[in-house]
Each structure stands twice: as structure tokens, then as C-alpha cells.
Amino acid sequence: MNALKFIALLLITAGVGALVYGGFTYTSETHKAELGPVELEVAEKDRISVPPWMGIASIGAGTLLLLVGPRRSS
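Described below are features of the structure shown in this document. Just so we're clear, the structure is a prediction, and the values are computed from it rather than from any experiment.

Definitions and cut-offs
Residues numbered from 1 in each chain as written. Predicted model: local features only at pLDDT ≥ 70, side-chain atom pairs only at ≥ 80, totals over all residues. Heavy atoms only, no water. Patch = residues over 30% accessible without salt bridge, like charges linked within 9 Å, V, L, I, M, F, W, Y side chains within 5 Å. Areas by Shrake-Rupley, 256 points an atom, 1.4 Å probe, with all protein chains shown as cover. Salt bridge = Lys/Arg side-chain N within 4 Å of Asp/Glu carboxyl O. Helix = DSSP H or I, 4+ residues; strand = E, 2+ residues; numbered from the N terminus. Lys, Arg positive; Asp, Glu negative; His and termini not counted. Charge placed at Lys NZ, Arg CZ, Asp CG, Glu CD.

## Digging into a nonpolar patch on the surface
Here's step 1: Together, Leu9, Leu64, Leu66, Leu67 and Val68 make up an exposed nonpolar region whose accessible area comes to about 470 Å².
Here's step 2: Mapped onto the secondary structure, Leu67 falls in helix α2 (residues 52-68).

Take a look at the structure:
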């Protein structure tokens, strides 16, 4: 599999994932305190939403790369 096909499949997979899940969640550590043997940590969950048009555009770009990729002249 060449690099162009790999990128195309990656774009299609990312686009489908964006449409199915609508974004992703990550956890960030914001505060940390150590008071002797006691440790306190505050973790916040943040969500990044991916608009549906980005998923559709990613699927379209990946499909276009697969179908119209570089043509080799024989």
C-alpha cells in the first residue's frame, strides 16, 4: 500500500469517526498540591466538538484521493 492510499484511508476513517462520535474528550490536569504525605490533584474533562461538515469533507477528500489519485502513464 502506498502512502497516498494510506492517507486516503486515514481521512475516510477520521471522517466517519467525526460523524459517529461528534468530537472527542480529553482530561487535563489543572492543579496539583502536595501537603506532606497527602497529594491533591484536580483533573478537568474537556470536550472538543467536530462539526459534521468537517467529517463529510474528510470523507470526500479521502474518497477523491482513492479514486483520482496520481495516474501513471504506461
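## Considering a negative patch on the surface
Here's step 1: A cluster of acidic side chains, namely Glu29, Glu34, Glu39 and Glu41, defines a negative patch on the protein surface.
Here's step 2: For the negative patch, the elements supplying multiple residues, two or more each, are β1 (23-35) and β2 (38-49).
Here's step 3: By the element assignment, Glu41 lies in strand β2.

Keep in mind that these numbers describe shape and distance, not what the molecule does.
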